[in-house]
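Here's the letter readout for the chains.
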Amino acid sequence: MNSGVPDGVAGSDGVADVREHATRWADAAGFADRFPAARLVVVQSPGEAAARFVERDVLRAKLTYSRSSDARVLDALEYC
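Quick caveat: nothing in here was measured; it's all calculated off a predicted structure.

## Focus on the pairing of strand β3 (residues 48-55)
- Among the 8 residues in β3, 6 count as buried, and that is most of the element.
- By the bridge criterion, 6 bridges tie strand β2 (residues 39-44) to β3 in an arrangement that is antiparallel. Paired with R39 across the strands is V54, a residue of β3.
- Hairpin connection between β2 and β3: a loop of 3 residues separates the two successive antiparallel strands.
- Pairing of β3 with strand β4 (residues 58-68) involves 8 bridges; the strand directions are antiparallel. Paired with F53 across the bridge in β4 is A61.
- The hairpin turn running from β3 into β4, its antiparallel successor, is 2 residues long, and R56 in that turn takes a positive phi close to 50°.

Here you go:
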């Protein structure tokens, strides 16, 4: 698993829709092609949100967001 703090990931500031942002990331990064069977699970709370790509009960990627004003900010990215 690779992990880190995003550095200028396009569209990572001011994310209004976590599901849409995670889907765009998966397409742009080629992740969707590598793991076409992975399903996206989004969990949100008032202060934090996470988008997880899971394939056969194996976590393939996780994007973690915090709340900043009225939108979300991508804080961390972990992926295979």
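## Examining the side chain of E55
- With respect to the helices and strands, E55 occurs in strand β3.
- For E55, a relative accessible area of 9% puts it in the buried group.
- Beyond its immediate chain neighbours, meaning those up to four positions away, E55 contacts F35, A37, A38 and R60.

## Things to note about the pairing of β4
- Where β4 and strand β5 (residues 71-79) come together, 8 bridges link them in antiparallel fashion. The partner of R67 across the bridge, within β5, is R72.
- The hairpin formed by β4 and β5 contains 2 residues between the paired strands, and S69 there has a positive phi angle of roughly 60°.

## Some points on the nonpolar core
- Counting residues in hydrophobic clusters, the biggest one holds 17 residues, and the most contacted among them are A22, W25, F31, A51, F53, L63 and Y65.
- Where this core is concerned, the elements lending two or more residues are α1 (18-28), β3, β4 and β5.
- Ranked by the residues each element gives to this core, the list is headed by α1, at 4 residues.
- Filtering out sequence-adjacent residues up to four positions away, F31 remains in contact with W25, A26, F53, R60 and A61.

Thresholds, definitions, all that
- Residues numbered from 1 in each chain as written.
- Predicted model: local features only at pLDDT ≥ 70, side-chain atom pairs only at ≥ 80, totals over all residues.
- Heavy atoms only, no water.
- Buried < 20%, exposed > 50% of the residue type's maximum accessible area, 1.4 Å probe, protein only.
- Helix = DSSP H or I, 4+ residues; strand = E, 2+ residues; numbered from the N terminus.
- Pairing = 2+ DSSP bridges.
- Contact = heavy atoms within 4.5 Å.
- Core = buried A, V, L, I, M, F, W, Y, C linked by side-chain atoms within 4.5 Å.

Note that all results are geometric; they support no functional claim without further evidence.
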